[in-house]
Amino acid sequence: MAVSVQTEDFDAGLEISRLRNARKDTGAVVSFIGLVRDLNEGDQVSQLTLEHYPGMTEKALEAIVSQAQSRWAIFDAVVIHRVGTLQATEQIVLVAVSSAHRSEAFKACEFIMDYLKTEAPFWKKERTQSGERWLDAKSTDDEARERWHQ
Amino acid sequence: MKIKIFYFARLKETLKFSTEDLELPDDAFASTLTILKLKAHLAKRSDVWQQMLMGKLKVRGAINHALVDDNALIIDGDEVAFFPPVTGG
């Protein structure tokens, strides 16, 4: 498992190669990349600032990946989340999961993202033409996480 | 008892506080201190504190880097944090 909270950008291709090359019985790598959109709630967004809780963030991400590992037979997982100020179209987050077959990797990747969205201490503030605003948590994200309890 | 408190995001910005060390007399209040009781205690500081911690905004609490609910007990030396629901990813 590798978890990183960083200001610098990441190379998703490199991370996927690492997962591929780690073991020869890897049959699937599923990855998700979250990006800064230039439009939110009808407003043009010029940049996004991500704040986090150093110390807790890493622990929260590791706990989420551990839960995924205990639920599905996955080989490895990488989570990279950026913080600081990002421009529209930049990468925010990468989750990549390897396993023998696709089903486990698909599920684990989505599970990790759903829990990251609702339990990892990150907060987004966006800049639009009318100024800066903190984003509100979405109930659809809570619902997405709750699905995993059913 | 002594505790450390961190504030994040909208709370940090509005309260103009990112962290503080809080010392409380070792009395019955301190020995039964919960997240909710601490929020109510801090809310007495001013209208802004009241509004941010006990108002409409949903405030989540953490103790020693773990998310907890309002009834979680706080003990001497704990690191407490208050923040709005998270919005990463």
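Residues numbered from 1 in each chain as written. Chains lettered and ligands numbered in written order. Predicted model: local features only at pLDDT ≥ 70, side-chain atom pairs only at ≥ 80, totals over all residues.

### A short note on the overall build of chain B
In step 1: Summing up its helical and strand segments, chain B has four helices and five strands in all.
In step 2: Reading chain B from its N terminus to its C terminus gives the helix and strand order β-α-β-α-α-α-β-β-β.
In step 3: A compact globule built from 89 residues would reach a C-alpha radius of gyration of about 12 Å, and chain B, at 12 Å, matches this within 12%.
In step 4: Considered along the principal axes of its C-alpha atoms, chain B spans approximately 40 × 30 × 20 Å.
In step 5: The buried share of chain B, taken over its 89 residues, is 28%. (Helix = DSSP H or I, 4+ residues; strand = E, 2+ residues; numbered from the N terminus. Rg over C-alpha atoms; globule rule 2.2 N^0.38 Å. Buried ≥ 20, exposed ≤ 12 C-beta atoms within 10 Å, placed from the backbone.)

### A word on the overall build of chain A
In step 1: Along its length, chain A carries four helices and nine strands.
In step 2: Counted from the first residue to the last, chain A has its helices and strands arranged as β-α-β-β-β-α-β-β-β-α-β-β-α.
In step 3: Taken over C-alpha atoms, the radius of gyration comes to 16 Å for chain A, in line with the 15 Å a tight globule of 150 residues would show.
In step 4: Overall, the C-alpha framework of chain A stretches about 50 × 35 × 30 Å when taken along its three principal axes.

### Considering the nonpolar core
In step 1: In this structure, A:Ile64, A:Ala77, A:Val95, A:Val97, A:Ala108, A:Ile112 and B:Phe8 are the most contacted members of the largest nonpolar core, which totals 55 residues.
In step 2: Among the elements that line this core, the one with the most residues is helix H3 (residues 102-119) of chain A, at eight residues.
In step 3: Residue contacts for A:Ala77: discarding those within four places in its chain leaves A:Met1, A:Val65, A:Ala68, A:Ala96, A:Val97, A:Ala108 and A:Ile112. (Core = buried A, V, L, I, M, F, W, Y, C linked by C-beta atoms within 7 Å. Contact = placed C-beta atoms within 7 Å.)

### Section: the sheet that holds strand E1 (residues 2-6) of chain A
Residue and element names in this part refer to chain A.
In step 1: Strand order in the open sheet made by the four strands is E1-E5-E7-E2, with mixed pairing throughout. Across the chains shown, the open sheet's two edge strands, defined by having one partner strand only, are E1 and strand E2 (28-35). Within the sheet, the average angular offset between the axes of one strand and its neighbour, ignoring direction, is 5°.
In step 2: Where strand E5 (residues 74-82) and strand E7 (residues 91-99) come together, seven bridges link them in antiparallel fashion. By the bridge assignment for E7, Val78 is matched with Ala96.
In step 3: Along the sheet, H3 contacts E2, E5 and E7; its crossing angle with E2, the most-contacted strand, is approximately 25°. (Pairing = 2+ DSSP bridges. Axes fitted to C-alpha atoms, helices over the stretch in contact; angles between N-to-C directions.)

### So, the interface of chain B and chain A
In step 1: The interface of chain B with chain A comprises 15 residues on the first partner and 22 residues on the second.
In step 2: Secondary structure elements with two or more residues in the side of chain B that touches chain A: helix H1 (9-15) and strand E5 (79-83) of chain B.
In step 3: Here the side of chain B that touches chain A is built from residues that sort into 10 nonpolar, four polar and one charged. (Nonpolar A, V, L, I, M, F, W, Y, C, P; charged D, E, K, R; others polar.)

Remember that the coordinates give geometry; whether it matters functionally is a separate question.
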